[in-house]
Amino acid sequence: VWLNQTVAVKVRHPAVVRRIVTDFTLMRAASDLLARLFGVSGLRASVTQFSGTMVAQTRLDIEAEHLRRFGWNFAAWRDVRFPRVLAASEAVLVESYEAGELVSTYTTDLTLG
């Protein structure tokens, strides 16, 4: 509870960025080796693009901005709510707690039949 309301707090692990960078450094080296040994092309570019996406997902201030946009974009939908951002930094996100159902409840049922 924060400021008399139930909240959700998300904290980035201190070593997560370093670990992701290490993983993708190894993946780039492997893609270079595959290119040299077997002529596999384009793999390094894919690894580089994916690594940028993964590192961006560790930025909780960016996630906070996305939550704000979702809230604004769906403001007219009465049955859809997104958490409100109460505080955010690169490593910490505090948002309102919203009880509800996960979207995956519906999408999993549809894909599994």
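Residues numbered from 1 in each chain as written. Predicted model: local features only at pLDDT ≥ 70, side-chain atom pairs only at ≥ 80, totals over all residues. Heavy atoms only, no water.

So, the pattern of salt bridges
Logical step 1: Counted according to the given criterion, the structure contains 8 salt bridges.
Logical step 2: Between arginine 68 and glutamate 65 there is a salt bridge, with its nearest N and O atoms 3.7 Å apart. You can see arginine 68 and its partner glutamate 65 sitting in helix α3 (residues 60–73), 3 residues apart, about one turn around the helix.
Logical step 3: Owing to a relative accessible area of 43%, arginine 68 belongs among the partly exposed residues under this scheme.
Logical step 4: For glutamate 65, a relative accessible area of 32% puts it in the partly exposed group.
Logical step 5: Of the charged contacts in the structure, one is a salt bridge between arginine 81 and glutamate 98, with a shortest N-O distance of 2.1 Å. Of this pair, arginine 81 sits in the loop between α3 and β2 (85–88) while glutamate 98 sits in the loop between β3 (92–96) and α4 (103–112), and the two are 17 residues apart along the sequence.
Logical step 6: Judged by its relative accessible area of 60%, arginine 81 is exposed.
Logical step 7: When its relative accessible area of 18% is taken as the criterion, glutamate 98 is described as buried. (Salt bridge = Lys/Arg side-chain N within 4 Å of Asp/Glu carboxyl O. Helix = DSSP H or I, 4+ residues; strand = E, 2+ residues; numbered from the N terminus. Buried < 20%, exposed > 50% of the residue type's maximum accessible area, 1.4 Å probe, protein only.)

Notes on helix α1 (residues 16–38)
Logical step 1: Spanning 23 residues, α1 covers 32 Å between terminal C-alpha atoms, matching the ideal 33 Å at 1.5 Å per step.
Logical step 2: Burial in α1 covers these residues: Ile20, Phe24, Arg28 and Ser31.
Logical step 3: If you follow the buried residues of α1, they end up packed against α2 (43–57).
Logical step 4: With its phi angle positive at about 75 degrees, glycine 39 sits one or two positions after the end of α1. (Expected span 1.5 Å × (residues − 1). Contact = heavy atoms within 4.5 Å.)

Considerations on the side chain of glutamate 98
Logical step 1: Of note is the side chain of glutamate 98, whose polar atom sits 2.8 Å from the side chain of serine 96.
Logical step 2: Setting aside residues up to four positions removed in sequence, glutamate 98 forms contacts with Arg81, Phe82, Pro83 and Arg84. (Polar contact = N/O pair within 3.5 Å; in protein donor to acceptor, adjacent residues only side chain to side chain.)

Structural notes on the sheet that holds β3
Logical step 1: One open sheet accounts for 3 strands, arranged β1-β3-β2; its pairing is antiparallel. If you trace the sheet from one side to the other, it starts and ends with β1 (7–11) and β2, each paired once. On average, each strand axis in the sheet is tilted by 15 degrees relative to the strand beside it, whichever way the strands run.
Logical step 2: In the sheet, β1 pairs with β3 via 5 bridges, with the strands oriented antiparallel. Looking at the pairing, valine 11 lines up with valine 92 of β3.
Logical step 3: Strands β1, β2 and β3 of the sheet are contacted by α3, whose axis makes an angle of about 25 degrees with β3. (Pairing = 2+ DSSP bridges. Axes fitted to C-alpha atoms, helices over the stretch in contact; angles between N-to-C directions.)

Thoughts on the packing of α1 against α2
Two packed helices can be described by the angle between their axes and the distance between those axes.
Logical step 1: At a minimum axis separation of 9 Å, α1 and α2 run at an interaxial angle of 170 degrees. The angle between the axes of α1 and α2 places the two elements in the roughly antiparallel class. On α2, the residues that touch Ile20, Phe24, Met27, Arg28, Ser31, Asp32 and Leu34 of α1 are Leu43, Arg44, Val47, Thr48, Phe50, Ser51, Met54 and Val55.
Logical step 2: Of the residues in the contact of α1 with α2, the class split is 9 nonpolar, 3 polar and 3 charged. (Parallel < 35°, antiparallel > 145°, perpendicular 65-115°, else oblique. Nonpolar A, V, L, I, M, F, W, Y, C, P; charged D, E, K, R; others polar.)

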